[in-house]
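Below are the chains, spelled out letter by letter.
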Amino acid sequence: MLLKTSVYFHLFTSCFTCPIYANIRIDMSSFDHRVSFSYRAKMVGRQGRKRSGSCCFFYPSEEENIAADLPDTITNQRRPAGWRAMPFVLGNETFERLASFGLMANFMVYLQREYHMDQVQAATILNSWSGASNFAPVIGAYVSDAYIGKFWTIVFGSFSSLVGMMIMTSTALLPQLRPPPCAHEEQLHGHCIGYNKAQLGILIFSLCWLSIGTGGIKPCSIPFSVDQFDLTTEEGRKGNNSFYNLYYATQTIVLLITQTIVVYIQNDISWALGFAIPTLCMLFGIVLFFVGTKIYIYIKPEGSVFAGVAQVFVAAYKKSHLNLPADGVNGQFYDPPLKRRLLPELHLTRRYSCLNKAALIAGDEVNPDGFCVNPWRLCSIQQIEDVKCLVNIIPIWLTSILGFLAMNQQGTFTVAQALKMDLHFGPSIKIPAGSVGVITLIAIAIWLPFYDRVLVPALEKITKLEGGITLLQRIGIGNLFSILTMLVSGFIETKRRHSALLHGGPDGVAPMSVMWLTPQLILIGFSEIFSIVGLIEFYNKQFPEHMRSIGNSLIYLTFSLASYASSSVITVVHKVTGKQGSNWLSNDINTSKLDFFYFLIAGISLLNFGFFLFCARRYQYKGSVKIM
């Protein structure tokens with residue numbers, strides 16, 4: 001009784017002394033009263049570990065839970081470094097992207113010129129590598145969250161990428177690793193000596209290493225960066241919100257560099273030098289990443305996350321015949337002592353209440369030490385709420401696949417439009433058709449800093465929400481921009497084709513400047529800013545904390561599935577309209593109906609947006625913070 005009273009007293013007094021939540025509005029009606037303080041106090045005493053003095057009725061903060069598993073020297077001194085760690089973490093990610101994008105920006109041309117592949121062979125290898133690289137992050141995320149942690153996954157992925165780049169650079173540096181040189185005229189007539197099996201094997205071997213590296217770096221770089229911010233403070237939360245915008249801004253700058261400077265070096269100076277520069281960037285990124293090891297926060301993996309998810313469904317099924325208590329009295333639900341890194345918002349909810357039966361204690365399912373006898377028959381409340389988070393997120397993820405359809409068209413048909421337009425910018429500058437996408441990158445590079453530093457603070461004053469708007473509102477705005485992009489693209493294509501048919505020359509080029517494509521390229525840039533950055537932030541904030549790497553890998557899986565969806569739509573449209581005698585996507589863009597195809601994508605995106613709104617209205621956030 002004395003122990004129980006002292007626990008109550010400690011919790012009561014800490015409410016008036018803990019400053020962490022001073023600027024947060026709390027809806028006290030959302031709290032359940034399922035905590036057995038005497039039981040928790042007994043467990044703390046049994047483990048011989050003293051909990052930090054946190055606010056009453058609040059779970060320990062993220063820092064406190066991390067500290068519980070660190071040595072005393074680190075527990076008493078280390079706190080999340082925040083922006084001090086970003087030069088090393090974000091620097092490593094930036095140089096890795098500069099390396100990978102620089103290596104692959106012109107890879108199609110490299111395969112055709114140096115390996116004498118035709119367009120189909122080169123595209124097959126490139127698409128196969130792209131598919132493997134977009135799926136590899138899912139495997140890397142699982143390994144990270146379940147076994148070795150984010151830090152070592154990034155390290156392994158970085159060295160794997162370095163090995164792949166060194167092999168790729170060797171193919172350009174050593175003549176015996178590629179077919180003998182061939183003149184352009186001979187290549188056009190197919191008289192060049194092709195590659196042998198050994199040369200192709202070395203090339204594919206390097207691509208395999210690059211895919212492994214992608215699987216290690218991509219899913220972990222953002223979650224590892226988020227771990228470096230103290231999300232229990234206003235400064236940490238604001239820094240975390242700004243990080244996502246900065247991350248995408250640096251990626252845009254990297255793309256600008258690779259599509260201009262690196263491509264120029266590879267085409268006009270030397271393939272070996274053009275590959276060696278990205279390789280050296282990767283090496284420098286690894287060194288930079290290790291420099292910051294003394295200030296990083298390291299989160300230990302918690303075992304297989306998929307097993308915990310499966311246990312909830314199995315336990316709920318086995319107890320489907322039981323009835324849930326109406327009052328939720330203490331002791332009826334399994335709520336063991338908190339593990340580290342649990343979020344305070346994840347209390348037992350009535351949503352998907354059938355899963356709550358997995359935590360219902362029936363008989364002797366709890367050992368005297370407080371742990372369950374069989375995890376496949378009894379799960380903790382935290383496990384159940386984690387699964388509910390996943391079930392909540394899946395519909396939003398599905399809508400993002402079709403939401404990326406508009407972005408996929410800009411890398412293919414926009415270039416085809418540019419080829420049939422006047423590419424001159426002024427009297428002496430001629431813009432390469434493949435470089436028109438730089439307009440999108442410039443728009444992103446200009447808009448993102450303005451959005452983060454000017455627009456967001458202004459919106460926060462109006463809405464009192466961190467970030468100015470909710471995550472789903474940001475994603476929804478991105479979807480609207482994608483619809484608008486397709487409509488504008490269709491109208492511009494109608495004008496371009498009309499101009500080409502009436503006033504075009506023998507080559508079919510319309511007397512219309514390529515700068516007419518600027519509006520649709522800027523709009524798709526806005527769509528990327530809101531959709532992609534919004535989804536990255538959404539997954540990292542709404543996924544259960546120990547599954548962040550898996551959540552981040554969904555972005556790359558979405559890219560992959562969106563590419564397949566786009567290919568399927570193109571194939572169906574090509575076959576259906578071809579049978580009707582008016583092919584929308586024929587080889588000659590001037591006789592095609594590309595504008596009709598753009599309007600079709602806009603219609604599909606609009607239907608998808610309606611489904612997104614339905615899912616967004618039903619979505620329940622894990623937790624939200626109001627600015628006082």
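Because the structure is a prediction, the values reported are computed rather than measured.

### Some points on the overall build of the protein chain
And step 1. What the protein chain contains, in helices and strands, is 20 helices and two strands.
And step 2. A buried classification covers 51% of the 628 residues belonging to the protein chain.
And step 3. Restricting to contacts in the protein chain with at least 6 residues of sequence separation, those with at least 24 account for 82%.
And step 4. On the protein chain, roughly 29500 Å² of surface is accessible, and the fraction owed to carbon and sulfur atoms is 66%.

### Re the pattern of salt bridges
And step 1. Counted under the stated rule, the structure contains nine salt bridges.
And step 2. Across the pair Glu 493 and Arg 496 runs a salt bridge whose closest N-O atoms are separated by 2.9 Å. Taken together, the residues Glu 493 and Arg 496, both in helix H17 (residues 471-503) and three residues apart, mark about one turn of the helix. The burial state of Glu 493 is the same as that of Arg 496; both residues are buried.

### Structural notes on the packing of helix H10 (residues 234-268) against helix H11 (residues 271-291)
And step 1. Running from amino to carboxyl end, H10 crosses H11 at an angle of 150°, the nearest separation of the two axes being 6 Å. Taken together, the axes of H10 and H11 lie roughly antiparallel to each other. In this structure, H10 uses Val 262, Ile 265, Gln 266 and Asn 267 to contact H11, whose residues at the interface are Trp 271, Leu 273, Gly 274, Phe 275 and Ile 277.
And step 2. Looking at side-chain class alone, the contact of H10 with H11 contains six nonpolar, three polar and no charged residues.

### A closer look at the packing of helix H9 (residues 197-227) against H10
A packed helix pair is summarised by two numbers, namely the angle formed by the two axes and the spacing between the axes.
And step 1. Contact pair H9 / H10: the axes reach a minimum separation of 10 Å and the direction vectors enclose 150°. Put simply, H9 runs roughly antiparallel to H10. As for the relative orientation of H9 and H10, their crossing is right-handed in sense. Seen from H9, the contacting residues are Ser 221, Ile 222, Ser 225 and Val 226; seen from H10, they are Asn 240, Phe 243, Tyr 244 and Tyr 247.
And step 2. Here the contact of H9 with H10 is composed, by residue class, of five nonpolar, three polar and no charged.

### With respect to the side chain of Gln 520
And step 1. Summarising the element assignment, Gln 520 is placed in helix H18 (residues 518-542).
And step 2. You can call Gln 520 buried: its relative accessible area is 0%.
And step 3. Excluding residues that lie within four positions of it along the chain, Gln 520 makes contacts with Gln 410, Thr 414, Gln 417, Thr 485, Val 488, Ser 489 and Ile 492.

### Re the side chain of Ser 160
And step 1. Mapping Ser 160 onto the fold places it in helix H7 (residues 119-173).
And step 2. Residue Ser 160 is classed as buried on the basis of its relative accessible area of 1%.
And step 3. One polar contact links the side chain of Ser 160 to the main-chain carbonyl oxygen of Phe 156, over a distance of 2.9 Å.

### Quick word on helix H13 (residues 381-403)
And step 1. The end-to-end C-alpha distance of H13 is 34 Å, a good match for the 33 Å that 23 residues give at a rise of 1.5 Å each.
And step 2. The principal kink in H13, of about 30°, is found at Ile 394, preceding the proline Pro 395 by one to four residues.
And step 3. Buried residues dominate H13, accounting for 17 of its 23 residues.

### A word on the nonpolar core
And step 1. Core analysis: the largest hydrophobic core is formed by 93 residues, its most contacted members being Phe 243, Tyr 296, Leu 472, Phe 538, Tyr 539 and Phe 597.
And step 2. The biggest single contributor to this core is H18, with 11 residues.
And step 3. The residues touching Tyr 539, leaving out its near neighbours within four places in the chain, are Ile 393, Trp 397, Ser 400, Gly 551, Leu 554, Ile 555 and Thr 558.
And step 4. Judged by nonpolar contacts, the second largest core, of 23 residues, contains Ile 125, Ala 172, Leu 210 and Trp 271.

### Notes on a nonpolar patch on the surface
And step 1. Where nonpolar side chains cluster on the molecular surface, the patch consists of Tyr 264, Ile 269, Leu 273 and Ile 277 and spans about 370 Å² of accessible area.
And step 2. Note on placement: Tyr 264 falls in helix H10.

### Looking at the packing of aromatic side chains
And step 1. Applying the stated criterion across every chain, the model contains 34 aromatic pairs.
And step 2. Both rings, one in Phe 151 and one in Phe 289, keep their centres 5.3 Å apart while their planes meet at 20°; by these two values the pair is stacked. Taken together, the positions of Phe 151 in helix H7 and Phe 289 in helix H11 put the pair 138 residues apart, joining distant regions of the chain. Accessibility classification places Phe 151 together with Phe 289 in one group, the buried group.

### Focus on helix H20 (residues 594-618)
And step 1. With 25 residues, H20 should reach 36 Å at 1.5 Å per residue; the first-to-last C-alpha distance of 36 Å fits that figure.
And step 2. Within the span of H20, buried status applies to Leu 594, Asp 595, Phe 597, Tyr 598, Ile 601, Ala 602, Ser 605, Asn 608, Phe 609, Phe 612, Cys 615 and Ala 616.
And step 3. Where the residues of H20 are buried, they touch H13, helix H14 (405-410), helix H15 (413-419), H17 and helix H19 (548-579).

### Re the confidence of the model for the protein chain
And step 1. Mean pLDDT over the protein chain works out to 76, with 80% of the residues at or above the 70 mark.
And step 2. Counting interchain partners and residues more than four positions distant, the pLDDT-below-50 stretch residues 1-77 has 100 contacts.
And step 3. Confidence over residues 341-345 falls short of pLDDT 50; this stretch has 20 contacts with residues more than four positions distant or in other chains.

### Some remarks on unusual backbone geometry
And step 1. The backbone of Tyr 352 shows a phi angle near 50°, a positive value even though the residue is not glycine.
And step 2. Positioned with a positive phi, Lys 464 is a non-glycine residue whose angle comes to about 65°.
And step 3. Take Lys 464: it is sitting in the loop between helix H16 (438-463) and H17.
And step 4. The exposure class assigned to Lys 464 is partly exposed, which follows from its relative accessible area of 37%.

### Concerning the state of the cysteines
And step 1. Considering all chains together, one arrives at zero disulfides under this definition.
And step 2. Looking at Cys 372, it has no disulfide partner, and the nearest cysteine sulfur is the one in Cys 379, 7.3 Å off.
And step 3. Relative accessible area serves as the criterion here: at 18%, Cys 372 is assigned to the buried category.

Reading the values: the criteria
- Residues take numbers from 1 onward in each chain, read along the sequence in its written order.
- Local features are withheld for residues below a pLDDT of 70 in this predicted model, meaning they are given only at 70 or higher, and side-chain atom pairs are given and counted only at 80 or more; totals for whole chains, interfaces and linings count all residues.
- Calculation of side-chain values draws on the structure's entire complement of heavy atoms; hydrogens and water are dropped beforehand.
- Helix and strand labels come from DSSP, where a helix needs a run of H or I of at least four residues and a strand needs a run of E of at least two; each type is numbered from the N terminus.
- When a residue's accessible area, from a 1.4 Å probe over protein chains only, is under 20% of the maximum for its type it is buried; when over 50% it is exposed; and in between it is partly exposed.
- What makes two residues a contact is simply this: any of their non-hydrogen atoms within 4.5 Å.
- Per-residue accessibility takes into account occlusion by the displayed protein chains alone, with areas from the Shrake-Rupley method and a 1.4 Å probe.
- Take a side-chain nitrogen of Lys or Arg and a carboxyl oxygen of Asp or Glu: if they are within 4 Å of each other, that pair is a salt bridge.
- Think of each axis as a best-fit line through the C-alpha atoms, taken over the contacting stretch in the case of a helix, with angles from 0 to 180 degrees between the N-to-C directions.
- Each angle receives one of four descriptions, namely roughly parallel if under 35 degrees, roughly antiparallel if over 145, roughly perpendicular if within 65 to 115, and oblique otherwise.
- Under the scheme applied here, ten amino acids are nonpolar (Ala, Val, Leu, Ile, Met, Phe, Trp, Tyr, Cys and Pro), four are charged (Asp, Glu, Lys and Arg), and all others, including Gly, are polar.
- Crossing chirality is assigned from the near helix's rotation relative to the far helix, an anticlockwise turn below a right angle marking it left-handed and a clockwise turn marking it right-handed.
- N or O atoms closer than or at 3.5 Å make up a polar contact, with two conditions inside protein: a donor-capable atom paired with an acceptor-capable one, and, for residues adjacent in sequence, both atoms drawn from side chains.
- Here the expected length of a helix is defined as 1.5 Å per residue gap, with one fewer gap than residues.
- Throughout, the bend at a residue refers to the angle made by two axes, fitted to the seven residues ending there and to the seven starting there.
- Think of a nonpolar core as a cluster: buried Ala, Val, Leu, Ile, Met, Phe, Trp, Tyr and Cys residues, connected wherever their side-chain atoms sit within 4.5 Å.
- Each patch groups residues whose relative accessible area exceeds 30% and which form no salt bridge, using 9 Å between like charges and 5 Å between nonpolar side chains of Val, Leu, Ile, Met, Phe, Trp and Tyr.
- Geometry of aromatic contacts follows a simple scheme: Phe, Tyr and Trp rings, the Trp one being its six-membered ring, pair when their centres are within 6.5 Å, and the pair is stacked under 30 degrees between planes, edge-to-face over 60, tilted otherwise.
- Every residue is assigned a pLDDT by the predictor, reflecting its confidence on a scale from 0 to 100.
- Pairs of cysteine sulfur atoms within 2.5 Å are what we label disulfides.

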